[in-house]
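Letter by letter, the chains look like this.
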Amino acid sequence: MHIFISPIGNTDPHGRADKVTGELTPGSALAIAEFLKPDKIFLLPTQSKDGEDTVANADLTKEWLTIESVKWRDNSSAVGVEI
């Protein structure tokens, strides 16, 4: 079983907009998970110095990973994602 543990930052689930197309690029958690295609993913929300946390980003990333992982797994089932 392959497990991916990722901290979640302000650029998750999406990073900056592509300069040519204007489409949002995947954030690091989405990009790495798509490359690794793990069986289980644990997302770790973070907190900045000013107290702002990334729990909402983790929730959105979980939704995206659940949807996108079905494509990686040949439409068989979504990967398990925990926050």
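Now for a description of the structure that goes with this document. (Residues numbered from 1 in each chain as written. Predicted model: local features only at pLDDT ≥ 70, side-chain atom pairs only at ≥ 80, totals over all residues. Heavy atoms only, no water.)

**Describing the sheet that holds strand S1 (residues 3-8)**
And step 1. An order of S1-S4-S5 is seen for the three strands of this open sheet, with the pairing classed as parallel. Of all strands in the sheet, those with a lone pairing partner are S1 and strand S5 (80-82), marking the two edges. Ignoring strand direction, the axes of neighbouring strands in this sheet form an average angle of 20 degrees.
And step 2. Pairing geometry for S1 and strand S4 (residues 40-45), over six bridges, is parallel. Across the sheet, the residue bridging to Ser 6 is Leu 43, located in S4.
And step 3. Sitting on the sheet, helix H1 (residues 28-36) is in contact with S1 and S4, with an inclination near 170 degrees to S1.
And step 4. Each of S1, S4 and S5 touches helix H2 (residues 55-72); the most contacted strand, S4, lies at about 160 degrees to it. (Pairing = 2+ DSSP bridges. Helix = DSSP H or I, 4+ residues; strand = E, 2+ residues; numbered from the N terminus. Axes fitted to C-alpha atoms, helices over the stretch in contact; angles between N-to-C directions. Contact = heavy atoms within 4.5 Å.)

**Considering the environment of Ala 17**
And step 1. By the element assignment, Ala 17 lies in strand S2 (residues 14-17).
And step 2. Exposure remark for Ala 17: the relative accessible area of 42% places this residue in the partly exposed category. (Buried < 20%, exposed > 50% of the residue type's maximum accessible area, 1.4 Å probe, protein only.)

**Concerning the nonpolar core**
For soluble globular proteins, nonpolar side chains are generally found buried alongside one another.
And step 1. Membership of the largest hydrophobic core is limited to 12 residues, which are Phe 4, Ile 8, Ala 29, Leu 30, Ala 33, Ile 41, Leu 43, Ala 58, Leu 65, Trp 72, Val 79 and Val 81.
And step 2. Contributions of two or more residues to this core are made by S1, H1, S4 and H2.
And step 3. Those residues in contact with Ile 41 that sit more than four places away from it in its chain are Phe 4, Ala 33, Leu 65, Val 79, Gly 80, Val 81 and Glu 82. (Core = buried A, V, L, I, M, F, W, Y, C linked by side-chain atoms within 4.5 Å.)

**Details of the environment of Glu 52**
And step 1. Looking at the secondary structure, you find Glu 52 in the loop between S4 and H2.
And step 2. As for Glu 52 and Asn 10, which are separated by 42 residues in sequence, their C-alpha atoms are 9.7 Å apart.
And step 3. If sequence neighbours within four positions are ignored, Glu 52 has contacts with Asn 10, Thr 46 and Gln 47.

**Points about H1**
And step 1. The complete set of buried residues in H1 reads Ala 29, Leu 30 and Ala 33. For H1, the angular spread of the buried residues around the axis is 95 degrees, confining them to a single face.
And step 2. The elements touched by buried residues of H1 are S1, S2, strand S3 (24-26), S4 and H2. (Arc of directions from axis to C-beta.)

**Notes on the pairing of S4**
And step 1. As paired elements, S4 and S5 share three bridges and run parallel to each other. Among the inter-strand pairings, Ile 41 is bridged to a residue of S5, identified as Val 81.

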